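# Reading the structure
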Amino acid sequence: MNQFAELLDRLAFEPSRLGKLRLMSDFFRRTPDPERGYALAALTGALSFQHAKAGLIRGLITYRVDPVLFELSYDFVGDLSETVALLWPAPAENSSMGNDAPLLLSDVVRGLSATGKLDLARNLAGWLDSLDETGRWALLKLITGALRIGVSARLAKTALAELGGKTPNEIEEVWHGLAPPYLDLFAWLEGREARPDSSDPAPFCPAMLAHAIETKDFDELPPSGFSAEWKWDGIRVQAASGLAANGRRVTRLFSRTGEDVSGAFPDLTDCMAALPFENFSLDGELLILRERKVQPFSVLQQRLNRKTTSAKLLADFPAHVRAYDLMRHDGEDLRALPFAERRGRLESFVAHASCERLDLSPLVSFVSWAELAEARKNPAAFGAGADAEAIEGLMLKRRDSIYVPGRPKGLWYKWKRDPFTVDAVLMYAQRGHGKRSSYYSDFTFGVWRDEEEGARLVPVGKAYFGFTDAELRELDRYVRNNTANRFGPVREIIHGESQGLVLEIAFEGLNRSSRHKSGVAMRFPRIARIRWDKPAREADRIENLQALLKETGLGGSPAG
Amino acid sequence: MSSAHFLSLSPAGVYCAAGDFFIDPLRPVARALITHGHSDHARAGHGHVLATRETLAIMAIRLGQGFAGRIQAIDYGDKLRLGSIDVSFHPAGHVIGSAQIRMADGKTIVVASGDYKREADPTCAGFEPITCDVFITEATFGLPVFRHSRTADEIARLLASQQLFPDRAHLVGAYALGKAQRVIALLRGAGYDRPIYLHGAMEKLCAFYERQGVELGDLLPVAANDRAKLAGEIVICPPGALQDLWSRKFPDPVAAFASGWMRVRARARQRGVELPLVISDHADWDGLTQTIVETRCEKVLVTHGEADALVHWARGRGLAAEPLHLLGYGDEEADSVPAESEA
Ligand SMILES: [Zn+2]
Ligand SMILES: [Zn+2]
C-alpha cells in the first residue's frame, strides 16, 4: 500500500505527461505481482467493489475529532479524503501496529470485496491506523472511488505499453478480455508468455477526436474537401456488438475513453443488441430525445446524476444515439476507408436498422466557409430546427480522412460557437473543491436591476473556472481583503455603485428559471476576464439578459 | 475588545489610547510598535517606530533609511512606559528580531503575539510564553489539519530528491526574510556543505543574518553563475520566481516550496510545485493551542488567519474568545507577489 500511495502522491504533483508515464512505468517495473496488477486496476478504474460512502468516512472521523473542527477543516481543504487523512489521530507509539506486516494493496482489495458494510467501517479504521498520512489519503481516495490524479486509463495503458515495447492500441485490443491482477498481461509484456487470448467479440475501438479550429486555419483549408455536421451537446459514445465463441451476442456501450457504460444505459444497450446486425462498432452522440426533439444537456444531466436506473427514469429520459461513424461492420474493419465512404456505409446501416433510438447525424451543406459561419450562428435556420439548443457548434471532417485513434492533426476540427458574455459584479464567494480547494474560487455574481429604492444587484449565476492559477490567487486575496459579511462558509463581498469587482462572464446559453430570483439561469458560465479596471456601476443590467432571452427564444441559440 | 479595555480597533489596526500607540499599523500613524520585519506588519511612513534592533535594521534594508520620522530600539525584556502603559518586547520565534508585545495598565496584562512559532529555529531566539489575562494571537494555520513539526523530515526529503536527480537543479521557493535563512541553516545542520545558490532577492537579508552571527555557510549568487550549469545544486529563490522565465534557464528544474501551506495538496498543485516542503514559520494547530494554555489567559482575541476553529476550541475550554478579522495581514506567506516585493 505504501508504494502505491507513494506513486499516487507523486503522480498527483507531477505536471508533465512524460513525467507521469515515467513514474508509472518505473512502478510497474519494480513492483511485484500481484500488487502492480491491482495498482493498474485502480488506475484504470477496473476495480469493482462497493465504494465507501462519504457518510461512513465522516462517521469515522467525527467519532475521533470534534465535528465543528472537522467541518471547518473540510471547508478549507475542500476534499474529504485529504481532510480525514490529515486529521486522523496517529495511534499511540507503543501500539502493536508497528509489529504487523505492512498493509498491502492486495489486502485492501481482497478485504473490500469480502466485507459487508458493518465490517467495512471497522476494517477501514484499522487500515487507517496502520498507515501514514500519504497512505491514508491514497486509501481513502481508492475506496471512495475518487482517484483523480490526472491519469486517464489511456495514460496508464500507455505506460504499460512502454514497459513491454508495445503500442497503447495493442494493449487496448487485449484489455477487455483481462481481469485484475493481470498476471497474464504482465507476463506477455515481460516476454515470459504469449499474448493473452482476448477474442473480445465487442471490442472498444479507440475514438478519433478533433482539434479546435483557429481562424487562421480557414485560409488553408478548401471547403470542398470537408464535410460538416452539427456538434451535439451530449455524450460521445461507441456501441459495439459481436458474437462470442459460445454463439451468444455481446453488446456494449463505451464512453469516449473506453469505459463500459452499458450499465447506466440498459435501454439503449438493449436496443443496440436488437439491431439486425451481429457485428459492428458505431460512433455517435448519446442524447435524450422526447417526441423526436433533442433535449438540452441539462436534461441529460438529470439522468446522469441518478445512481440507479429505475423504470421511471428510463421512461422519462429515453436515451438515443445520433450516429457519426461506423468503424466495424460484419467482420470488416472500415477504419482504413475515407470518411466519405464510411459515411455511405453508415447511412445504409442506420436506414437498415430502422430503430427509433438510432438516427443519423445530418450533414450541413455549404459551399463556402462564410456560409458555414452563418449556419454556426443560427443552426435553427440551417436545418437544425427545434434541436438547435442542443447544438454546441460544428464538426468539420476531411472527406478523405481515415478513422485514426487519438487526436490526429489536420483531419477533424471542432468549431464551437462563440459564447455570450456579460459584465457582472462579484457578490459572494465560497471555497472550492479539487484543484481550486482551499482558495475562494466559487463566485456568485450579479447584474443591476431597478428596484423601488434604486438600482440593486441581483445574482444571476455562479462560476468556478475560467481563470488562470495566478488569477485565482488574486481573486482569493481580493475576497479575503474585501469581505463585508460571513455566512458560514460563504463570504459576502463588498459590492455597490462605487465599490466592487467586475467579472466578464462567458456562457453558452440562457434559460428562463423560476428557481432563480433573477428569472434566468446561465448555461456553463465561466470567468472570461477579471475587469479590475471597470467600475461596478458600469456592469450590465438585467434587461441585457432579458433581451437575450427574447432574441434567441428559450434556451437561446448563439448570438455570434 | 471590551475586556482589553486599554486597546481598541481602528481602520489602521489595534490601537492603545492610554499609551497612544498602534501595533503593526496598516497605514501611517504617529506612533507604531512593530512586532517584526515582514512587509504586512512593518510598513513605511510612521512618525515614531519602536521595535527590536533587528526589526529596525530589516526595515531600513527593505524600506530605505528614512522609513520613519524617528526610530527607537528596544531589547527583549526591556521595560518601557508609554502613557500609563508598561510595555515590553519578548521573543516570538518567528523570524530574527520578531517579538511579542506585553502591555499592562496595573490591572490587566495583554500580550499581542505578532506572528510566532513554537518549533526550534536556529536562526532566531525561541518563543517565550508570557502569562497574561488577554492573549491576542495570530491564527494563520488555525485548523487541526495543519501540523508542521516534522521539519527535519522535510529537509531529508529535499536532500533525497537532490541525490535522486543529480542532473536537475532544485529550486526551493522560500520567503526572503526568515524562511530562506532557516532552510539554509537546516540544510547545514543536516550536514549539507556544498555551496547554496541564492536568487538576487535573497542576498541582502542573508548577508544581514550572517552579520547577526547566524552561520549560513558557503552562499553564491545565481547571477554570477551560468544557470544552465547548476544541475544537482540547491537554489533558494522567492516563491514567485518558481514560475518565472528566470527558473526555466536551469537544467530540468525541480520546483520545491517551503511553506506551511504545502500541507494542503491543492495549494502545491495550484502553484505547480513538484516537491512540497512543509516548513512553516508560523505556529501550527498544536502550537497555537499549547500557547494559549501556557499563557493562562482568560480571553483570546484572534487577529488574522483561520480564526473560527481556534475561537471554537478556546470557547470549548471555557475561555472567552473573539475573532477580530483584521484585514491586511497574513500575505507574507499566502501571497503570489513575485521576487522582491515580499516575503
Ligand atoms: Zn510574519
Ligand atoms: Zn504576518
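Residues numbered from 1 in each chain as written. Chains lettered and ligands numbered in written order. Predicted model: local features only at pLDDT ≥ 70, side-chain atom pairs only at ≥ 80, totals over all residues. Heavy atoms only, no water.

## Comments concerning the overall build of chain B
What counts here: Only runs of H or I of at least four residues qualify as helices and only runs of E of at least two qualify as strands under DSSP, and these elements are numbered from the N terminus. The reference for a compact globule is 2.2 Å times residues^0.38; the radius of gyration itself is calculated from the C-alpha atoms. Whether a residue is buried, partly exposed or exposed follows from its accessible area with a 1.4 Å probe, protein chains only, as a fraction of its type maximum: under 20%, in between, or over 50%, in that order. Whether two residues are in contact is decided by their heavy atoms, any of which lying within 4.5 Å being enough. Here, Shrake-Rupley sampling with a 1.4 Å probe gives the accessible areas, and only protein chains in the shown set may cover a residue.
Tallying secondary structure elements over chain B gives nine helices and 19 strands in all. Its C-alpha radius of gyration of 20 Å places chain B within 12% of the 20 Å reference for a compact globule of 343 residues. Based on the C-alpha atoms only, the size of chain B along its principal axes is roughly 65 × 45 × 30 Å. A total of 343 residues make up chain B; the buried ones form 61% of that total. If you take every contact in chain B between residues at least 6 apart in sequence, the share linking residues at least 24 apart comes to 60%. As displayed, chain B has an accessible area near 12200 Å², and 50% of this comes from carbon and sulfur atoms.

## Considerations on empty space enclosed by the protein
Where we set the bar: Both cavities and pockets are sets of points on a 1 Å grid over the protein atoms alone; in a cavity a 1.4 Å probe fits but cannot get out, in a pocket the set is open with protein on both sides within 12 Å along at least five of seven lines, and lining residues sit with an atom within 4 Å of a point. Grid points are joined across faces, edges and corners, and a volume is the space filled by probe spheres set on the points. Under the convention adopted here, Pro, Cys and the residues Ala, Val, Leu, Ile, Met, Phe, Trp and Tyr are nonpolar, Asp, Glu, Lys and Arg are charged, and Gly plus all remaining residues are polar.
Under the defined criterion, the tally for this structure stands at five cavities of 30 Å³ or more. Its boundaries defined by the atoms lining it, the largest cavity holds a volume of some 150 Å³. In terms of lining, the largest cavity is formed by 15 residues, of which the most central are Ile 23, Asp 24, Gly 114, Ile 136 and Thr 303 of chain B. With three residues, strand E11 (residues 134-139) of chain B is the largest single contributor of residues to the lining of the largest cavity. The calculated volume of the second largest cavity comes to roughly 70 Å³. Lining the second largest cavity are Gln 3, Glu 6, Leu 7, Arg 10, Leu 23, Phe 27 and Arg 30 of chain A. Of all the secondary structure elements, the ones that give two or more residues to the lining of the second largest cavity are helix H1 (2-13) and helix H2 (17-30) of chain A. Tallying contributions element by element places H1 of chain A first for the lining of the second largest cavity, with four residues. Considered class by class, the residues forming the lining of the second largest cavity number three nonpolar, one polar and three charged.

## Structural notes on the interface of chain A and chain B
To be explicit about the condition: Buried area is a sum: the accessible area each of two parts loses on coming together, probed at 1.4 Å, counted once for each and added. What counts as a salt bridge is simple: a side-chain nitrogen of Lys or Arg found within 4 Å of a carboxyl oxygen of Asp or Glu. Polar contacts, as used here, are pairs of N or O atoms within 3.5 Å; protein pairs need one atom able to donate a hydrogen and one able to accept it. Residues neighboring in sequence count only if both atoms are side-chain atoms.
Listed as interface residues are 33 residues of chain A and, on the opposing side, 34 residues of chain B. Each partner contributes to the roughly 3200 Å² buried at the junction of chain A and chain B, and carbon and sulfur atoms together form 52% of this total. There are four salt bridges connecting chain A and chain B. Across the pair Arg 150 of chain B and Glu 133 of chain A runs a salt bridge whose closest N-O atoms are separated by 4.0 Å. On the surface where chain A and chain B come into contact, there are nine residue pairs in polar contact (both at pLDDT 80 or more).

## Concerning the packing of aromatic side chains
Where we set the bar: For this analysis, a ring pair means two rings from Phe, Tyr or Trp (six-membered ring only for Trp) whose centres lie within 6.5 Å, classed as stacked if their planes differ by under 30 degrees, edge-to-face if by over 60, and tilted for the remaining angles. Look at NZ for Lys and CZ for Arg. If either is within 6 Å of the ring centre and within 35 degrees of the ring normal, a charge sits over the ring.
Per the stated rule, a full pass over the model turns up 30 aromatic pairs over all chains. On the numbers, 5.8 Å between centres and 65 degrees between planes, the contact of Tyr 464 of chain A with Phe 465 of chain A is edge-to-face. These aromatic residues form a ring-pair network of at least three members: Phe 218, Phe 226, Phe 366, Trp 369, Tyr 413 and Trp 415 of chain A. The side chain of Arg 267 of chain B reaches across the aromatic face of Tyr 439 of chain A, ending 3.9 Å from its centre. A cation over an aromatic ring shows up here: Arg 267 of chain B above the ring of Trp 261 of chain B, its NZ or CZ 4.5 Å from the ring centre.

## Re the side chain of Arg 417 of chain A
Residues and elements named next belong to chain A. Note that Arg 417 resides in the loop between strand E11 (412-416) and strand E12 (420-431). On the basis of relative accessible area, Arg 417 is assigned to the buried category, the value being 6%. Of note is the side chain of Arg 417, whose polar atom sits 2.7 Å from the backbone oxygen of Glu 508.

## Here's the deal with the pattern of salt bridges
Enumeration over the complete set of coordinates arrives at 60 salt bridges over all chains. When the shortest N-O distance is used, the salt bridge between Arg 58 of chain A and Glu 71 of chain A registers 2.7 Å. In this pair, Arg 58 of chain A is assigned in helix H4 (residues 54-62) and Glu 71 of chain A in helix H5 (residues 67-77), connecting sequence segments 13 residues apart. Since its relative accessible area comes to 28%, Arg 58 of chain A is described here as partly exposed. With a closest N to O distance of 2.7 Å, Glu 133 of chain A and Arg 263 of chain B form a salt bridge. Remark: Arg 263 of chain B occurs in the loop between strand E16 (254-258) and helix H6 (265-270) and Glu 133 of chain A occurs in helix H9 (residues 133-143); the pair is interchain, linking two chains. The exposure class assigned to Glu 133 of chain A is partly exposed, which follows from its relative accessible area of 23%. Exposure remark for Arg 263 of chain B: the relative accessible area of 9% places this residue in the buried category. Residues joined by salt bridges that share partners form a network here, namely Lys 117, Glu 119, Asp 121, Arg 182 and Asp 281 of chain B.

## Digging into the UniProt feature "domain: ATP-dependent DNA ligase family profile" (unreviewed entry) in chain A
Defined as follows: UniProt positions are given in the numbering used here, feature names are shortened, and annotations may be inferred rather than shown by experiment.
Residues given the UniProt feature "domain: ATP-dependent DNA ligase family profile" (unreviewed entry) here are residues 323-449 of chain A. Its end C-alpha atoms 45 Å apart, residues 323-449 of chain A is made of 19% helix and 37% strand.

## Concerning the packing of helix H2 (residues 151-164) of chain B against helix H3 (residues 179-189) of chain B
Residues and elements named next belong to chain B. Put simply, the test is: Axes here refer to lines fitted to C-alpha atoms; in helices the fit is confined to the stretch in contact. Angles between the N-to-C directions go from 0 to 180 degrees. Roughly parallel means an angle under 35 degrees; roughly antiparallel, over 145; roughly perpendicular, 65 to 115; everything else is oblique.
Running from N to C, H2 and H3 cross one another at 75 degrees; their axes reach a closest spacing of 10 Å. One way to sum up the angle between H2 and H3 is to call them roughly perpendicular. Between H2 and H3, the contacting residues are Thr 151, Ile 155, Leu 158 and Leu 159 on the first element and Arg 182, Val 183, Leu 186 and Leu 187 on the second. In terms of residue class, the contact of H2 with H3 is made up of six nonpolar, one polar and one charged.

## Here's the deal with the side chain of Thr 83 of chain A
Among the secondary structure elements, Thr 83 of chain A is positioned in helix H6 (residues 80-87). Residue classification places Thr 83 of chain A among the buried residues on the basis of a relative accessible area of 0%. When sequence neighbours within four positions are dropped, the list of residues in contact with Thr 83 of chain A reads Phe 70, Ser 73, Tyr 74 and Val 77 of chain A together with Val 145 of chain B.

## Notes on the domain arrangement of chain B
All names here are of chain B. The following threshold applies: Note that the domain bounds reflect an automated or database-derived domain assignment.
We note that the domain assignment places domain 1 (2-145 + 281-338) and domain 2 (151-277) within chain B. Each of domain 1 and domain 2 has a C-alpha centre, and the two are 28 Å apart. Contacts between the two partners involve 25 residues from domain 1, matched on the other side by 23 residues from domain 2. Roughly 2100 Å² is buried in total at the junction of domain 1 and domain 2, and carbon and sulfur atoms are behind 61% of that figure. Our count for the contact surface shared by domain 1 and domain 2 stands at three salt bridges. Ionic pairing is found between Asp 121 and Arg 182, a salt bridge with its closest N-O pair at 3.9 Å. Those elements that place two or more of their residues in the side of domain 1 that touches domain 2 are helix H1 (53-63) and helix H9 (331-334). Of all the elements, H1 adds the most residues to the side of domain 1 that touches domain 2, at five residues.

## Considerations on the confidence of the model for chain B
Residue and element names in this part refer to chain B. The following threshold applies: Here pLDDT means the predictor's own confidence in every residue, given as a number from 0 to 100.
Counting all residues, the mean pLDDT for chain B is 92, and 95% of those residues have values of 70 or more. Long-range and interchain partners of residues 333-343, a stretch whose pLDDT sits below 50, account for 39 contacts in this model, where long-range means more than four residues apart. Overall fold confidence (pTM) sits at 0.76, and the ipTM for the predicted complex is 0.92.

## Let's talk about the domain arrangement of chain A
Residue and element names in this part refer to chain A. Along its sequence, chain A is organised into domain 1 (2-144), domain 2 (211-416) and domain 3 (420-552). Taking the mean C-alpha position of each, domain 1 and domain 3 sit 37 Å from one another. Interface area for domain 1 against domain 3, summed over the two sides, is near 510 Å², with a carbon-plus-sulfur share of 46%. Of all residues in domain 1, Asp 75, Phe 76 and Gly 78 give up the largest surface area on contact with domain 3, accounting jointly for 83% of the area buried on that side. Applying the counting rule to domain 1 against domain 3 returns one salt bridge.

## Structural notes on the packing of helix H10 (residues 153-164) of chain A against helix H11 (residues 168-175) of chain A
Residues and elements named next belong to chain A. Running from amino to carboxyl end, H10 crosses H11 at an angle of 110 degrees, the nearest separation of the two axes being 8 Å. Between H10 and H11, the angle falls in the class roughly perpendicular. Residues Arg 154, Lys 157, Thr 158, Leu 160 and Ala 161 of H10 pack against Pro 168, Asn 169, Ile 171, Glu 172 and Trp 175 of H11. Split by residue class, the contact of H10 with H11 holds five nonpolar, two polar and three charged.

## Remarks on H10 of chain A
Residues and elements named next belong to chain A. Threshold: Each residue after the first adds 1.5 Å to the expected span of a helix.
Taking 1.5 Å as the rise per residue, H10 with 12 residues should run 16 Å; its terminal C-alpha atoms sit 17 Å apart, in good agreement. Counting buried positions along H10 gives nine out of 12 residues, so the element sits mostly inside the fold. Of the positions making up H10, those classed as buried are Leu 155, Ala 156, Lys 157, Thr 158, Ala 159, Leu 160, Ala 161, Leu 163 and Gly 164. Lining the buried residues of H10 we find H2, helix H3 (35-44), H11 and helix H12 (183-189). The first or second residue beyond H10 is Gly 165, which carries a positive phi of 60 degrees.

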